[in-house]
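# Coordinate inspection notes
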Amino acid sequence: MSEPQDRIRSAYSRVPYPGVADPKSHIRCLEALGTLFGIQPANITDCRVLELGCASGTNLIPQAFECPQSQFVGVDFSADRIAEGQSVIDELSLDNTRLEHANITDVDASWGQFDYILCPGVFSWVAPEVQDKLLAICRENLAPRGVAVV
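Below you will find a few notes about this structure. (Residues numbered from 1 in each chain as written. Predicted model: local features only at pLDDT ≥ 70, side-chain atom pairs only at ≥ 80, totals over all residues. Heavy atoms only, no water.)

### Comments concerning the environment of D22
The following threshold applies: Strands are runs of DSSP state E lasting at least two residues, helices are runs of H or I lasting at least four, and both sets are numbered from the N terminus onward. Note on contacts: a residue pair qualifies if any of its non-hydrogen atoms lie within 4.5 Å across the two residues.
Note on placement: D22 falls in the loop between α1 (3-14) and α2 (27-36). Ignoring any residue separated from it by four or fewer positions in sequence, one finds D22 in contact with N59 and P120.

Have a look at this one:
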């Protein structure tokens with residue numbers, strides 16, 4: 001890992017991003033918006049969801065709990081936040097949710113396609129190359145009738 005990334009990871013671990021559930025990025029809202037725009041998005045009761053910059057999963061986990069037939073994947077740069085979220089997932093016995101300790105730039109085609117991609121509150125504070133990657137993920141990993149929020 002590069003020195004700048006080490007500094008960012010260290011700062012992020014010392015001052016964790018306060019994760020909250022964001023109602024505007026709930027898949028129910030995205031499904032409604034997609035429908036209004038004529039996209040015919042996947043039904044939220046059986047879909048795949050990716051959240052980039054999920055912190056401890058406070059936005060993703062409630063949605064996964066609500067939609068047990070759907071699959072949820074979260075990715076975050078902080079191992080500490082991922083561990084916090086994983087303990088909640090374990091406590092709730094959610095078998096439809098996976099949190100990955102990874103850099104957003106690690107997401108590629110091998111992760112598959114997602115019906116919904118969530119990325120609230122990340123774009124404005126990451127480096128330009130990560131911003132480019134976020135948009136590339138939305139282009140390459142979003143299902144044909146998918147909906148993304150950045």
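### Looking at a nonpolar patch on the surface
What counts, and what does not: Patches in this entry comprise residues that are over 30% relatively accessible and not in a salt bridge; like charges within 9 Å are linked, as are nonpolar side chains (Val, Leu, Ile, Met, Phe, Trp, Tyr) within 5 Å. Residue-level accessible areas treat just the shown protein chains as cover; the underlying method is Shrake-Rupley with a 1.4 Å probe. Salt-bridge detection follows one rule: a side-chain nitrogen of Lys or Arg within 4 Å of a carboxyl oxygen of Asp or Glu.
Taken together, the side chains of L33, L36, F37 and I39 make up a nonpolar region of the molecular surface, amounting to roughly 460 Å² of accessible area. Tracing the backbone shows I39 in the loop between α2 and β1 (48-52).

### Overview of unusual backbone geometry
Threshold: Note on classification: 1.4 Å probe, protein chains only; a residue is buried when its accessible area is under 20% of the maximum for its type, exposed when over 50%, partly exposed between these limits.
Of note, A55 is a non-glycine position whose phi angle comes to about 55°, a positive value. Here A55 shows up in the loop between β1 and α3 (60-66). Classification of A55 by relative accessible area gives buried; the value is 3%. Residues other than glycine seldom take positive phi values, yet S93 does so here, at roughly 55°. Within the element layout of this structure, S93 appears in the loop between α4 (79-92) and β3 (97-101).

### Quick look at α2
Keep this limit in mind: Taking the helix axis as origin, the arc is that swept by the directions to the C-beta atoms.
Residues I27, L30, E31 and G34 constitute the buried set of α2. For α2, the angular spread of buried residues about the axis comes to 100°, placing them on one side. Elements in contact with the buried residues of α2: β1, α3, β2 (71-76), β4 (114-118) and β5 (142-149). Downstream of α2 by a residue or two, G38 has a phi angle that is positive, lying close to 75°.

### Observations regarding the packing of aromatic side chains
Which entries qualify depends on this criterion: Classification of ring pairs rests on two measures: the distance between centres of Phe, Tyr or Trp rings, Trp counted by its six-membered ring, which must be within 6.5 Å, and the angle between planes, read as stacked under 30 degrees, edge-to-face over 60 and tilted in between. Charge over a ring is defined by NZ of Lys or CZ of Arg lying within 6 Å of the ring centre and within 35 degrees of the ring normal.
In total, this model carries zero aromatic pairs according to the counting rule given. Looking at R48, its charged tip hangs above the ring of F114, at a distance of 4.2 Å from the centre.

### Notes on the sheet that holds β3
Here is the rule we go by: Strand pairing is assigned whenever DSSP identifies at least 2 bridges connecting the two strands. Interaxial angles span 0 to 180 degrees and are taken between N-to-C directions of axes, which are lines fitted to C-alpha atoms, for helices over the stretch in contact.
The five strands are arranged β3-β2-β1-β4-β5 in an open sheet whose pairing can be described as parallel. What marks the edges here is a single partner per strand, and that holds for β3 and β5. The mean angle between the axes of side-by-side strands here comes to 20°, regardless of whether they run parallel or antiparallel. For β4 and β5, the ladder comprises four bridges, and the chain directions are parallel. The partner of F114 across the bridge, within β5, is L142. Strands in contact with α2 are β1, β2, β4 and β5; relative to β4, the strand with the most contacts, it is inclined by about 115°. Across the sheet, α4 touches β2 and β3, and the angle it forms with β3 is around 165°.

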